[in-house]
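Secondary and tertiary structure notes
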There are 2 protein chains.
Amino acid sequence: MHPLPTATPALTRRELARLLTRIENRQATSELSALYPFTGQAHVIGVTGAPGSGKSSLVNALTLYYRQQQRTVAILAVDPSSPFTGGAILGDRIRMRDLSGDPGVFIRSMATRGTLGGLAATTADAIRALDAAGFDLVIVETVGAGQSEVDIARMAHTTLVVEAPGMGDDVQAIKAGILEIADILVVNKADRPGADNTVRALQAMLELGHPAGWLPPILQTVATESRGIAVIADHIEAHRFYLRQSGALISRERAQLEAELFTRLRETLLNQLLTRLEAGALSAILDQLTMRHIDPDTAVQRLIDNT
Amino acid sequence: MHPLPTATPALTRRELARLLTRIENRQATSELSALYPFTGQAHVIGVTGAPGSGKSSLVNALTLYYRQQQRTVAILAVDPSSPFTGGAILGDRIRMRDLSGDPGVFIRSMATRGTLGGLAATTADAIRALDAAGFDLVIVETVGAGQSEVDIARMAHTTLVVEAPGMGDDVQAIKAGILEIADILVVNKADRPGADNTVRALQAMLELGHPAGWLPPILQTVATESRGIAVIADHIEAHRFYLRQSGALISRERAQLEAELFTRLRETLLNQLLTRLEAGALSAILDQLTMRHIDPDTAVQRLIDNT
């Protein structure tokens, strides 16, 4: 009902919510084309980390801080662990309490529909819609650890990886991969025992090697008490400045657009081929595969040759 | 050096290890075609769950149990959280102690190379190689929670989801998605406080709904002491029997082959298109996209029309 704060293509909150639903259902192709020229303005912040690290509280506190600075914030909570249930419940309760009713904040949860490739494409489109709607900051929060984080981090300008003290013995294995997508490392729940150990462990891993150019700072927060949040915001701003100065902003965006283009091409080409196939051709090939009469490579060749 | 126990295409351990390396590097196309007729014999067990649940210890104990039954076991440890470092360190130390030197056991770690689609394809091919090499059981272990687990679970005949007591407040959100891929639910570290609560929570979630046909049992283990392992093995056998009796084995395999065929078709079609493109065409399209002169859908159309 409230018009959105600085929307270039004027959208009410309700219109934006409906657009995001159509994006989830992959029914917004022409609207996304129309919005595309208005994108590229928002700073996109990715927030990821293991379950229990307090990501949602951190996003909440960071949003409140940005609102005090009169900056508008859209939060996109993406839950790749929930492919079937369709319900993304990522920290929604904690947010509603502090942020609801503020017209400068927009919150949306998205669960996986179909494949991971689908989630990544949907998330990219949703970020664009929120960007074009005029939000200064778009915060994308994901749960868990895995390839989905990495894919979604590639869409963010600045990625925060959140850890907490004493998260169990397998954590080292996760950090190894996730560390390399981090622009800022956050040790949340820093008032708990073991926070210094977590900082030292991260420090040691950073010293083993990180991508050249930007050295990720390791920052401590107690998000539930809003402690350390201003420092996080300052480092996000510094990273944004670094991206612009170094030219990394343009090269990152180009790499991401190329990856997205390839994903869309794959889908389009497969759909074209399946449409051209004779009725029953796919089923016949699958029969032969199941009976081990042909192998998968031969099956691919036959399907391509048949059309 | 030792010939593998019941290998149909006779492979030594060293030959199998080299084949798996070529599979990881996507250089084993013709060998995989040759192996394909010998696949479909092994029972493939997926083991997944949150970090800290003790998956590796459970796989270790289960393997020792199967060895006592004179059954051969291949373990594939897949680490989707480590896309850059290339080092899969999933519980390798604990395994080496108890299982090394046994010619009836083969252990291999795989990390992500490239995209998740790549990991899923590589894992499918690696399972086939181990299956064709004659192992009775192939155990695929993955870390974390997310779409990668779901993709890999689809390749398993029987999927174990491992939980442990008191894993933090976000765990509920993970379980919601991961529960629906579980054929057997394991509460490991069942000697710890809170195990009964975890069992009750899982029970409550199962009652909310699970796929029809097979009701996943909730079993308790202390894997480090090999407690509860024989019961797990019995339920895996019961699930295998259920899959054969109900026809689900064939329908699952067919669905997985179809998904794999589509993945391969997407890759092949994209590569064919990129090969046919004029030099500079892709770069020119990316320039226009970056400058917001065209939108992604238009870019896809132009690339397809150009070839």
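1. Observations concerning the pattern of salt bridges
- With the rule as written, the count across this model stands at 28 salt bridges over all chains.
- Of the charged contacts, one joins E260 of chain A and R264 of chain A as a salt bridge, the two residues approaching to 3.0 Å between their closest N and O atoms. Highlighted residues: E260 of chain A and R264 of chain A, both in helix α10 (residues 248-276), separated by four residues, approximately one helical turn. In this structure, E260 of chain A and R264 of chain A share a single accessibility class: buried.
- Measuring nitrogen to oxygen at the nearest pair gives 3.0 Å for the salt bridge that ties E24 of chain B to R108 of chain B. Taken as a pair, E24 of chain B in helix α1 (residues 13-24) and R108 of chain B in strand β3 (residues 105-111) lie far apart in primary sequence, 84 residues in all.

2. Let's talk about helix α11 (residues 281-290) of chain B
- Restricting attention to buried positions, one finds in α11 of chain B the residues A281, L282, I285, L286, L289 and T290 of chain B. All buried residues of α11 of chain B project into a common sector of 165° when viewed along the axis, lining one side.
- Of the surrounding secondary structure, the elements contacted by the buried residues of α11 of chain B are α10 of chain A together with α12 (296-306) of chain B.
- With its phi angle positive at about 65°, R292 of chain B sits one or two positions after the end of α11 of chain B.

3. Observations regarding the nonpolar core
- With 38 residues, the main nonpolar core has L261, L265 and L289 of chain A together with L261, L265 and L289 of chain B as its most contacted residues.
- Secondary-structure elements contributing two or more residues to this core are α10, α11 (281-290) and α12 (296-306) of chain A together with α10 (248-276), α11 and α12 of chain B.
- Discounting residues that sit within four places of it in the chain, L261 of chain B has contacts with L282, I285, L286, L289, P296, A299, V300 and L303 of chain A.

4. Some words on the confidence of the model for chain A
All names here are of chain A.
- Looking at chain A as a whole, the pLDDT averages 83, with 80% of positions reaching at least 70.
- At the low end of the mean pLDDT range in chain A sits helix α7 (residues 171-178), at 53; at the high end sits helix α9 (residues 229-246), at 97.
- Every residue in residues 82-91 is under pLDDT 50, and counting partners more than four places away or in other chains gives 32 contacts.
- Across residues 169-174, confidence stays below pLDDT 50; counting only partners more than four residues off in sequence or on other chains, it has 14 contacts.
- We note a pTM of 0.72 for the whole complex and an ipTM of 0.75 for its interfaces.

5. What to know about the environment of Y242 of chain A
All names here are of chain A.
- Along the chain, the position of Y242 falls in helix α9.
- Classification of Y242 by relative accessible area gives partly exposed; the value is 23%.
- Y242 sits 178 residues away from L64 along the chain, and the two C-alpha atoms are 25 Å apart.

6. Points about unusual backbone geometry
All names here are of chain B.
- Its identity is not glycine, yet R26 carries a phi of approximately 60°, on the positive side.
- When you line up the elements, R26 lands in the loop between α1 and α2 (29-35).
- Here Q70, not a glycine, exhibits a phi torsion of approximately 65°, which is positive.
- Along the chain, Q70 turns up in the loop between α3 (55-68) and β2 (73-79).

7. Concerning α3 of chain B
Residues and elements named next belong to chain B.
- Its 14 residues give α3 an end-to-end C-alpha distance of 20 Å, which sits within 8% of 20 Å, the value for a rise of 1.5 Å per residue.
- With respect to burial, α3 is a largely interior element, eleven of its 14 residues being buried.
- Within α3, the full set of buried residues consists of K55, S56, S57, L58, V59, N60, A61, L62, T63, Y65 and Y66.
- One or two positions beyond α3, positive phi appears at Q70, with a value near 65°.

8. Some points on the packing of aromatic side chains
- One pass over the full model with this rule turns up six aromatic pairs over all chains.
- Ring centres 5.5 Å apart and planes at 35° place the aromatic pair W214 of chain A and Y242 of chain A in the tilted group. With W214 of chain A in the loop between α8 (195-207) and β7 (218-220) and Y242 of chain A in helix α9, this residue pair connects regions lying 28 residues apart in the sequence.
- Owing to a relative accessible area of 16%, W214 of chain A belongs among the buried residues under this scheme.
- Between the NZ or CZ atom of R292 of chain A and the centre of the ring of Y36 of chain B, over which it lies, the distance is 5.2 Å.

The rules behind each value
- Residues numbered from 1 in each chain as written.
- Chains lettered and ligands numbered in written order.
- Predicted model: local features only at pLDDT ≥ 70, side-chain atom pairs only at ≥ 80, totals over all residues.
- Heavy atoms only, no water.
- Salt bridge = Lys/Arg side-chain N within 4 Å of Asp/Glu carboxyl O.
- Helix = DSSP H or I, 4+ residues; strand = E, 2+ residues; numbered from the N terminus.
- Buried < 20%, exposed > 50% of the residue type's maximum accessible area, 1.4 Å probe, protein only.
- Arc of directions from axis to C-beta.
- Contact = heavy atoms within 4.5 Å.
- Core = buried A, V, L, I, M, F, W, Y, C linked by side-chain atoms within 4.5 Å.
- pLDDT = per-residue confidence, 0-100.
- Expected span 1.5 Å × (residues − 1).
- Phe/Tyr/Trp six-rings, centres within 6.5 Å; stacked < 30°, edge-to-face > 60°.
- Lys NZ or Arg CZ within 6 Å of the ring centre and 35° of its normal.

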